[in-house]
Amino acid sequence: MLKKIRQLEYSSLYPLFFTVVFILILIQYSFFSLDAIFYDLWVRFDYFQREKAPMVMVVMDEESDQFLGETYPYTYASHHRFLQKVLADGPVGVGYLVPLESEPDSLVEQRYMSELRQEVLDYQKSKKGFFRFGTKFEMMFGEVLPVEDLRPLGYSTAFLYQDNQVFARDSVIRRASLNISGEDSFHLWIANKWRESRGEEKLDANSFPGAAYNAEADATFALFKYAHSPAEADSYTTIPYHRVVTGNYPEGFFKDKLVIVGTQYISNPDDFALTPFNKEEAKGPKLSIHANIIQALAKGRTLSPVPDVLTQILSVLIAVVLSFFISRVQPTKGLLITITLMLGTFAFGYICFVGPGWWFKLSHMILGIFVVYYIWVPFRAIEEYQTRYAIQEESKLLKQVDNLKQNFISLMSHDLKTPVAKIAGIADILRLQYDNAPQQRQLLDNIVQATKELNSFITSILDLTKIESQNLTLKKESKDINKIIEGIVEKLRFEAESNQMELETDLAPLYPIQVDSVLMNRVVSNLVENALKYAGRGKTISIKTWDDPQWVYIAIADNGVGIKPDDLTNIFDKFYRVKNDSTHAIKGSGLGLYLVKYFIELHSGTISAASELGVGTTFTVKLKNE
């Protein structure tokens, strides 16, 4: 065990060590502003909660003031006429967010207030529905209660919690107040009454997911899901207050609906607030926010924040897993994995939000991913640079060795050509100018043949050297391929006849094309000579040419022994030779077909081979017809 520990390369663990340290430091801090961005993003794209609730918002605004000739909060006579018409239409309940805290200033107003009170009491006693005042809470004066004679109708604090002291501190409304000082808030009271009217169970403040008590405010709050953007005009059915007072609405308009009454004066900034849908400018009417909260509580749509400890553990795990992958892949793949993991984290947070209602604070996880990437990338870049530098140095060394090899082969090949030529010349002189015995003549013929084979091998080596050093260039000229073939056939006919083989040609008329005549001569010669070598005595070799608008074709076929499929796939490889009993005695370098293929491809052409054992082999060359 100790031996394995000593053998560890500790330098490779440095990035992981720094990653863990940075993540552990990171999770000690809260990033509420970033978490708020993700929370608001999920709210805006939570399309699963969008539904039209059976609610009607009655709006007091500048238009109603002008039409009624009154100013907010209007006279008790107007409120009496309003409630008389609404309650007669059979709503399921009425939430009145107008405080009505002022005492009547005349006997007539006193009478209307009494009639209003009696109208609502009769509505409640007959169990047709429920009624509740929503009161404001002012820092200087506390809760603003309705006038004393109207308090028996019932009231609760309709407090909108603006996030300006904790969390993101951006004054955005994300939480609903469930109870204050032990009593249900206006929203929870209305929501429970609404649930009871539908035969559903009443909900206690502490039964909501994510409900949390705040000792400083002496209240219980919970994050809630908006059903609509409060700024949307059609989020809830809306009607101006004066139209109800004058009876300008369809019959049954309020039947079985929850009616919320409040103000929405464009000239009064206090009637609007910031929401997750609009955080730059207060465009969300508070009346619509009240309606969203009531709808969320009636449906039980509050959010349960996942404990910070769990998100911190996930952040560390994600950092370790991402470090593992980035350390073992290329930087580009590491970036792709990082982006995928980040998108996966977003998707996970969103699904938990819209599904079971779990709210993960993603800030630690997202920042952890960034930290991992920006710690590992420099280390990976250094490692890649060191690897690249080592490869470059090795490549330079290999290139130098290759150059030395090429120079050595080139020098040796050139130097070998001279003595080989001398040997061939001396053998020819001895054979032609002197009277030799049959055995001597046979030995001299063998010397001449051997020097030809050696010379061919040296030429192949020189060609290979030129190819690998990229010094081989084409010298194209307009040539008739048939002329080249005819010259080669004439030169090799004697060799064919001496082996009792036939050379047949079927050359179609061709236009001259641009080729390097020397290289093309080498190509055709090699293919025909191979056929003469390998086909066997008494066989026939046919050479055929034809063309089409794009290509000139050369086919060289024999009816010899053929080539095995395993060998056929490798015959164009460098130094590859087919090995069997019939080819064992045939001399060759294994470079002929490799060079043929290279020369043809240098002309932008192709070569293919087809063979069948016992039937024969065909090589087909295609050259550009240009």
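Per chain, the residues get numbers from 1 upward, laid out in the order the sequence is written. Given that the model is predicted, a residue must reach a pLDDT of at least 70 before its local features are reported, and side-chain atom pairs must reach 80 or more before they are shown or counted; all residues, however, enter totals for whole chains, interfaces and linings. Heavy atoms from the whole structure form the basis of all side-chain values; hydrogens and water molecules are not counted.

S.K.: Would you take a moment to explain the layout of surface pockets for this structure?
M.R.: Taking a probe equal in size to a water molecule and rolling it over the atoms shows the remaining empty space. Approximately 1,200 Å³ is the volume found for the second largest pocket. Only protein atoms enter the 1 Å grid, on which a cavity is a set of points fitting a 1.4 Å probe that cannot get out and a pocket is an open set with protein on both sides within 12 Å along at least 5 of 7 lines, lining residues being those with an atom within 4 Å of a point. The wall of the second largest pocket is formed by 34 residues, among which F137, F159, L160, Y161 and Q162 lie closest to the centre. The helix and strand labels rest on DSSP assignments: H or I over at least four residues marks a helix, E over at least two residues marks a strand, and numbering proceeds from the N terminus. Secondary-structure elements contributing two or more residues to the lining of the second largest pocket are β3 (130-138), β6 (160-163), β10 (219-223), β12 (258-263) and α9 (286-299). With 5 residues, the top contributor of residues to the lining of the second largest pocket is β3. Grid points are joined across faces, edges and corners, and a volume is the space filled by probe spheres set on the points.

S.K.: Before we go on, may I ask you to explain empty space enclosed by the protein in this structure?
M.R.: According to the stated counting rule, one finds 1 cavity of 30 Å³ or more in the structure shown. At the level of elements, β19 (513-515) and β23 (616-624) are the ones that each hand at least two residues to the lining of the largest cavity. Grouping the constituent residues of the lining of the largest cavity by class yields 2 nonpolar, 2 polar and 3 charged. Residue polarity is assigned by list, with Asp, Glu, Lys and Arg as charged and Ala, Val, Leu, Ile, Met, Phe, Trp, Tyr, Cys and Pro as nonpolar; anything else, Gly included, falls into the polar class.

S.K.: How do you make sense of the pattern of salt bridges when you look at a structure like this?
M.R.: Should the charged atoms of two oppositely charged side chains come close, the side chains can pair. Put simply, a salt bridge is a Lys or Arg side-chain nitrogen that is within 4 Å of an Asp or Glu carboxyl oxygen. As enumerated under the stated definition, the model contains 9 salt bridges in all. A salt bridge links K193 to E196; the nearest nitrogen and oxygen atoms lie 3.9 Å apart. Of the two residues, K193 and E196 both sit in helix α7 (residues 186-197), 3 residues apart, roughly one turn of that helix. Per-residue accessibility, obtained with a 1.4 Å probe over protein chains only, is compared with the maximum for each type, and a residue is labelled buried under 20%, exposed over 50%, and partly exposed between these values. K193 gets classed as partly exposed once you look at its relative accessible area, which sits at 30%.

S.K.: Just to check I follow, could you spell out helix α11 (residues 331-354) for this structure?
M.R.: An α-helical turn contains 3.6 residues, so any two residues separated by three or four positions project in the same direction. Compared with an ideal rise of 1.5 Å per residue, which puts 24 residues at 34 Å, α11 spans 35 Å between its outermost C-alpha atoms and is within 8% of the ideal. Among the residues of α11, G334, T338, M342, T345, G349, C352, F353 and V354 are the ones counted as buried. Expected span, for any helix, means 1.5 Å times one less than how many residues it has.

S.K.: Could you clarify how one ought to interpret the packing of helix α3 (residues 32-44) against α11 in this entry?
M.R.: Packed helix pairs are specified by the crossing angle of their axes together with the interaxial distance, meaning the distance between the axes. For every element, the axis is a line fit to its C-alpha atoms; helices are fit only across the contacting stretch, and the angle between N-to-C directions ranges from 0 to 180 degrees. Contact pair α3 / α11: the axes reach a minimum separation of 10 Å and the direction vectors enclose 60°. The angle between the axes of α3 and α11 places the two elements in the oblique class. In this structure, α3 crosses over α11, and the sense of that crossing is right-handed. Residue-level inspection shows F38, Y39, W42 and V43 of α3 in contact with α11, the latter providing F346, G349, Y350 and F353. Here the residues of the contact of α3 with α11 are counted per class, giving 7 nonpolar, 1 polar and no charged. To sort the angles, those under 35 degrees are grouped as roughly parallel, those over 145 as roughly antiparallel, those from 65 to 115 as roughly perpendicular, and the leftovers as oblique. For any pair of crossing helices, the crossing counts as left-handed if the nearer helix is rotated counterclockwise from the farther one by less than a right angle, and right-handed if it is rotated clockwise. Note on contacts: a residue pair qualifies if any of its non-hydrogen atoms lie within 4.5 Å across the two residues.

S.K.: How should the sheet that holds strand β22 (residues 606-612) be read in this particular structure?
M.R.: Strands in a sheet are paired, the pairing made by backbone hydrogen bonds, and the direction either parallel or antiparallel. When DSSP finds at least two bridges between two strands, those strands are taken to pair. If you trace the 5 strands from one edge of the open sheet to the other, you get β18-β20-β21-β23-β22, paired in mixed fashion. Strand pairing shows two members of the sheet lacking a second neighbour, β18 (502-507) and β22, which therefore form its edges. Adjacent strand axes in the sheet meet at a mean angle of 15° when their direction is disregarded. Note that strand β21 (residues 551-558) and β23 share 8 bridges and pair antiparallel. Residue pairing across strands places Y553 opposite K622, the latter belonging to β23.

S.K.: Just to check I follow, could you spell out the pairing of β23 for this structure?
M.R.: For a regular strand, side chains alternate in direction, first toward one face of the sheet and then toward the other. Across 7 bridges, the pairing between β22 and β23 is antiparallel. Looking at the pairing, S611 lines up with T617 of β23. In sequence, β22 turns back onto β23 through a hairpin of 3 residues, with G614 there showing a positive phi of about 80°.

S.K.: Help me understand the confidence of the model for the chain in this model?
M.R.: Residues shown with low pLDDT carry predicted positions that ought not to be read at fine detail. The pLDDT value tells you how sure the predictor is about a given residue, anywhere from 0 up to 100. Overall, the prediction assigns the chain a mean pLDDT of 84, with 88% of residues at 70 or greater. Taken element by element, the chain is modelled with least confidence in helix α1 (residues 2-7), mean pLDDT 47, and with most confidence in strand β2 (residues 93-96), mean pLDDT 95. Every residue in residues 4-10 scores below 50 in pLDDT, and together they form 1 contact with partners more than four places removed in sequence or on other chains.

S.K.: What is the right way to look at the environment of L474 in this model?
M.R.: Inspection of the secondary structure assignment puts L474 in the loop between α13 (438-468) and β17 (477-479). Looking at L474, the relative accessible area reads 26%, which means it is partly exposed. Along the chain, L474 and V515 lie 41 residues apart, while their C-alpha atoms are 8.1 Å from each other. Setting aside residues up to four positions removed in sequence, L474 forms contacts with D516, L519, L602 and H603.

S.K.: Would you mind going over the packing of aromatic side chains with me for this structure?
M.R.: How two aromatic rings sit relative to each other is given by the distance of their centres and the angle of their planes. Stacked, edge-to-face and tilted are the three classes for Phe, Tyr and Trp ring pairs, Trp counted by its six-membered ring, which pair at centre distances within 6.5 Å; planes under 30 degrees apart are stacked, over 60 edge-to-face, the rest tilted. By the definition in use, this model includes 26 aromatic pairs. Pairing Y96 with F133 gives two aromatic rings, centres 5.8 Å apart and planes at 85°, and the pair type is edge-to-face. Taken as a pair, Y96 in strand β2 and F133 in strand β3 lie far apart in primary sequence, 37 residues in all. Looking at F133, the relative accessible area reads 0%, which means it is buried. When the ring of Y249 is compared with that of F254, the centres are 5.2 Å apart and the planes differ by 70°; the resulting orientation is edge-to-face. What makes Y249 buried here is its relative accessible area of 17%.

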